[in-house]
Every structure is written in structure tokens, then in C-alpha cells.
Amino acid sequence: MTGNNDQRVRQSTRVFYPRVGMLATVRSRRAIISSVNEFDSRTDGIYHLVRLEYIDSDGVPEDTIIWERESHCSLLEPAALPQITSYPPMQTDEFDALARATRWTALLPCLMANWRCWYKESPFLQLAGTNSIYVM
């Protein structure tokens with residue numbers, strides 16, 4: 001009976017170790033783990049030498065750390081879903097701005113293609129005899 005109890009405790013308190021491709025937060029920066037090497041120290045257990053590639057443009061682009069010695073580091077599984085219950089919902093005006101920006105970004109390639117066609121066929125521009133476009 002105690003064996004089953006021990007297995008449940010082990011399953012509920014799983015320890016996540018870094019794996020290649022996982023997203024990590026280290027030193028208040030987000031990074032992708034590019035390599036992981038395990039080292040077994042006989043006295044302290046297993047250490048993980050982790051090579052990180054930061055996804056932001058602040059500071060150094062790459063770093064190598066010992067995972068167990070870093071404080072306040074966390075991992076995010078590649079297929080993890082966001083925890084929407086831990087944050088308040090987005091304000092309405094911010095959501096509207098995000099939706100408009102997304103629409104504009106999605107439409108921009110189509111608008112540019114149509115703009116080029118319109119520019120070549122425009123009777124106004126042909127009459128004016130100009131080859132420059134002024135976009136406001």
C-alpha cells in the first residue's frame with residue numbers, strides 16, 4: 001500500500017527538466033533552449049548545462065547556463081496553452097486596437113498589389129505625367 005502512495009506523490013510532484021526546443025524564461029528574458037547536456041555530480045545529483053538563444057534583441061543573443069544554479073527560471077512546454085484564468089481580460093479599446101492592427105497587417109500585401117495595379121492604370125497619373133507616388 002505504501003508503494004502506491006509513493007507513486008502518486010512522485011507523479012503529482014513531477015520535476016520538469018529543460019529539453020531542446022522548449023521556451024524558457026531566464027533572467028527576465030525569454031529564450032529557446034538549443035542544447036542540453038547532463039552532468040552527474042556524485043554529491044549534488046544531475047546538473048543540466050543549457051545553451052539558450054534569446055528571442056529578444058536586448059543584451060547578448062546567446063548564453064550557456066547551469067539550469068539548477070539559476071534562480072527564478074521557468075519552462076514553458078512547446079504545446080502549452082496560455083493560462084487565461086490567471087490574468088484579467090483585455091480592455092475593450094485595447095482589444096479593438098489589436099483587432100484593427102491584425103486586419104491591417106493581413107490586408108497589407110493585398111492592398112499593395114492593388115495599389116501597384118491602380119497606379120499603373122490611373123488616368124490621373126498618366127495625365128499628370130509623374131512617376132512618383134506620395135502616400136499620406
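Note that the coordinates shown come from a computational prediction; the quantities given were computed from them, not determined experimentally.

**A few points about the overall build of the protein chain**
Here comes step 1: Along the protein chain, the regular secondary structure elements total three helices and five strands.
Here comes step 2: Here the protein chain, with 136 residues, has 15% of them falling under the buried criterion.
Here comes step 3: If you take every contact in the protein chain between residues at least 6 apart in sequence, the share linking residues at least 24 apart comes to 34%.
Here comes step 4: In the form shown here, the protein chain has an accessible surface area of approximately 11,800 Å², with 58% of it arising from carbon and sulfur atoms.

**Regarding the nonpolar core**
Here comes step 1: Among the nonpolar cores identified, the biggest contains 10 residues, and these are Met22, Ala24, Val26, Ala31, Ile33, Val50, Leu52, Tyr54, Ile65 and Trp67.
Here comes step 2: Of all the secondary structure elements, the ones that give two or more residues to this core are strand S1 (23–26), strand S2 (29–41) and strand S3 (45–54).
Here comes step 3: The element best represented in this core is S3, accounting for three residues.
Here comes step 4: Apart from the residues lying within four places of it in its own chain, the contact partners of Ala31 are Met22, Leu23, Ala24, Leu52, Glu53, Tyr54 and Ile55.

**Things to note about the sheet that holds strand S5 (residues 74–76)**
Here comes step 1: Spatially, five strands are ordered S4-S3-S2-S1-S5 in an open sheet, and the strand pairing comes out antiparallel. The sheet is open, and its two edges are formed by strand S4 (62–66) and S5, each paired on a single side. The average undirected angle you get between the axes of adjacent strands in this sheet is 35°.
Here comes step 2: Relative to S2, S1 runs antiparallel, the two being bridged by four bridges.

**Digging into the pairing of S2**
Here comes step 1: Counting the residues in the hairpin turn of S1 and S2 gives two residues, including Arg27, whose phi is positive at 55°.
Here comes step 2: Bridge count for S2 against S3 is 10 bridges, and the pairing is antiparallel. For Asp40, the partnering residue across the bridge sits in S3 and is Ile46.
Here comes step 3: Hairpin connection, S2 to S3: the antiparallel pair is bridged by three residues.

**Some thoughts on the pattern of salt bridges**
Here comes step 1: Scanning the model with the defined rule gives five salt bridges in all.
Here comes step 2: Salt bridges linked by common partners bring Arg27, Asp63 and Glu70 together as one network.

**What to know about the pairing of S4**
Here comes step 1: Here S4 shows one buried face, formed by Asp63 and Ile65, and one open face, formed by Glu62, Thr64 and Ile66.
Here comes step 2: Pairing of S3 with S4, which is carried by five bridges, proceeds in the antiparallel orientation. Its bridge partner lying in S4, Val50 is registered against Ile65.

**A word on the packing of aromatic side chains**
Here comes step 1: On inspection of all chains with the given rule, the structure shows zero aromatic pairs.
Here comes step 2: Between the NZ or CZ atom of Arg29 and the centre of the ring of Tyr54, over which it lies, the distance is 3.8 Å.

**Looking at the confidence of the model for the protein chain**
Here comes step 1: Overall, the predicted model of the protein chain reaches an average pLDDT of 76, with 69% of residues at or above 70.
Here comes step 2: The lowest-confidence element of the protein chain is helix H1 (residues 2–12), averaging 38 in pLDDT; the highest-confidence one is S4, averaging 93.
Here comes step 3: Scored below 50 in pLDDT, residues 1–14 makes zero contacts in the model with residues more than four places away or belonging to other chains.

About the criteria used
- Residues numbered from 1 in each chain as written.
- Predicted model: local features only at pLDDT ≥ 70, side-chain atom pairs only at ≥ 80, totals over all residues.
- Heavy atoms only, no water.
- Helix = DSSP H or I, 4+ residues; strand = E, 2+ residues; numbered from the N terminus.
- Buried < 20%, exposed > 50% of the residue type's maximum accessible area, 1.4 Å probe, protein only.
- Contact = heavy atoms within 4.5 Å.
- Areas by Shrake-Rupley, 256 points an atom, 1.4 Å probe, with all protein chains shown as cover.
- Core = buried A, V, L, I, M, F, W, Y, C linked by side-chain atoms within 4.5 Å.
- Pairing = 2+ DSSP bridges.
- Axes fitted to C-alpha atoms, helices over the stretch in contact; angles between N-to-C directions.
- Salt bridge = Lys/Arg side-chain N within 4 Å of Asp/Glu carboxyl O.
- Phe/Tyr/Trp six-rings, centres within 6.5 Å; stacked < 30°, edge-to-face > 60°.
- Lys NZ or Arg CZ within 6 Å of the ring centre and 35° of its normal.
- pLDDT = per-residue confidence, 0-100.

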